[in-house]
Amino acid sequence: MTDIREMMKDKKRIVIKIGSSSLQHEQTGDLDYTKLDVLVRELCDLRNQGKDVVLVTSGAIAVGRKAVSLKDAQKDNPIAVKQAYAAIGQARLMMTYQKIFAEYNQVAAQILMTKNTIVDNLNRFNARNTFAELFKLGVIPIVNENDTVATYEIEIGDNDTLSAIVASLVGADLLLLLSDIDGLYTDDPRKNPDARYIEVVEELTEELLGMGKASTGSDAGTGGMNTKLQAAKIAGSMGVDMVIANSKDIKVIHRILSGKKIGTLFLASPDESFDLPLYVQQMHRE
Ligand code: GLU
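In this report, we go over the structure that sits alongside the text. It should be emphasised that the depicted structure is a prediction, and the values quoted were computed from it without experimental measurement.

**Considering the overall build of the protein chain**
(1) Moving on: If you tally the helices and strands in the protein chain, you get eleven helices and ten strands.
(2) Moving on: Its C-alpha radius of gyration of 18 Å places the protein chain within 12% of the 19 Å reference for a compact globule of 286 residues.
(3) Moving on: Taken along its principal axes, the extent of the C-alpha atoms in the protein chain is 60 × 45 × 40 Å.
(4) Moving on: Taking all 286 residues of the protein chain together, the buried fraction comes to 52%.
(5) Moving on: At a minimum sequence separation of 6, the contacts of the protein chain that also span at least 24 residues come to 77%.
(6) Moving on: Surface summary for the protein chain: the accessible area is close to 14,000 Å², and the carbon and sulfur share equals 49%.

**A word on unusual backbone geometry**
(1) Moving on: In this structure, Asn-105 is a non-glycine residue whose phi angle is positive, near 60°.
(2) Moving on: Relative to the assigned elements, Asn-105 resides in the loop between α4 (78-103) and β3 (108-113).
(3) Moving on: Take Asn-105: its relative accessible area is 74%, and that puts it in the exposed class.

**A look at the site of the ligand**
(1) Moving on: Surrounding the ligand, one finds eleven residues, the nearest of these being Ala-60, Ile-61, Asn-144, Asp-147 and Asn-159.
(2) Moving on: One of the backbone nitrogen or oxygen atoms of Gly-59 is found 3.1 Å away from an oxygen atom of the ligand.
(3) Moving on: About the coverage of the ligand: the protein hides 95% of its 300 Å² of free accessible area.
(4) Moving on: Residues that form the shell around the ligand fall into these classes: two nonpolar, seven polar and two charged.

What counts and what doesn't
- Residues numbered from 1 in each chain as written.
- Predicted model: local features only at pLDDT ≥ 70, side-chain atom pairs only at ≥ 80, totals over all residues.
- Heavy atoms only, no water.
- Helix = DSSP H or I, 4+ residues; strand = E, 2+ residues; numbered from the N terminus.
- Rg over C-alpha atoms; globule rule 2.2 N^0.38 Å.
- Buried < 20%, exposed > 50% of the residue type's maximum accessible area, 1.4 Å probe, protein only.
- Contact = heavy atoms within 4.5 Å.
- Areas by Shrake-Rupley, 256 points an atom, 1.4 Å probe, with all protein chains shown as cover.
- Near = heavy atom within 4 Å.
- Polar contact = N/O pair within 3.5 Å; in protein donor to acceptor, adjacent residues only side chain to side chain.
- Nonpolar A, V, L, I, M, F, W, Y, C, P; charged D, E, K, R; others polar.

Structural measurements only, silent on function.
Spelled out as structure tokens, the structure:
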């Protein structure tokens, strides 16, 4: 029997999501340029192999927060403060990415999305066309939520879900979530030493989905295991395989794509009846 991981070598359109905590130095919260550099190099190398690549990156709010100091008077409007951080941080984050991509002669583009981008038919159509055109041009789209305008009614809320939506929208064949965990365990390994690591998930059962609800994520990002399992549900229903792997070493990207058994692989089980815009419209943060 051929190894299931062998099929990773044939992936042609890949969405890679990296979380805020993976991009910052733990001690200071400042950007980890070494990691960013390795990330960009890995992405450019996938492009050089002729693959279409999308990067979904968080970090806008975290970078903005580091850039300005918050006065007490502003603390009574936390949403506006978060939006201001995002406005400052998104531009800074892109500037950093652009600089590194330029070193590799790679053109990158920015796409900021909200729930409306998917729910509204015209917006969704336009977004899909933009991605398609960028792929034709050999450009790497860099995606984030449009945090400067996305409040409760229109926010997706976390980038795990956003990346699954993007992967579905662009018809990717792989979604790779890079996070501060090695993959899926039968329980939280930080609390339970008996927790078993799961290498492949062939079917996303209600039991597995329920397991995620009990877990929490790191301080920097929004996603815990729950949002990752929700991402697996969206991606899997839309026919996109997904891998969760640890971003400690960003070079896992090429190792995973060369078929190495790294991270947890969620095999897609396409569901004809899954309606992406309707699903996104009905999503709400808990
Ligand atoms: N979109 C948010 C940001 O860029 C992060 C959301 C998340 O970490 O999931 O800061």
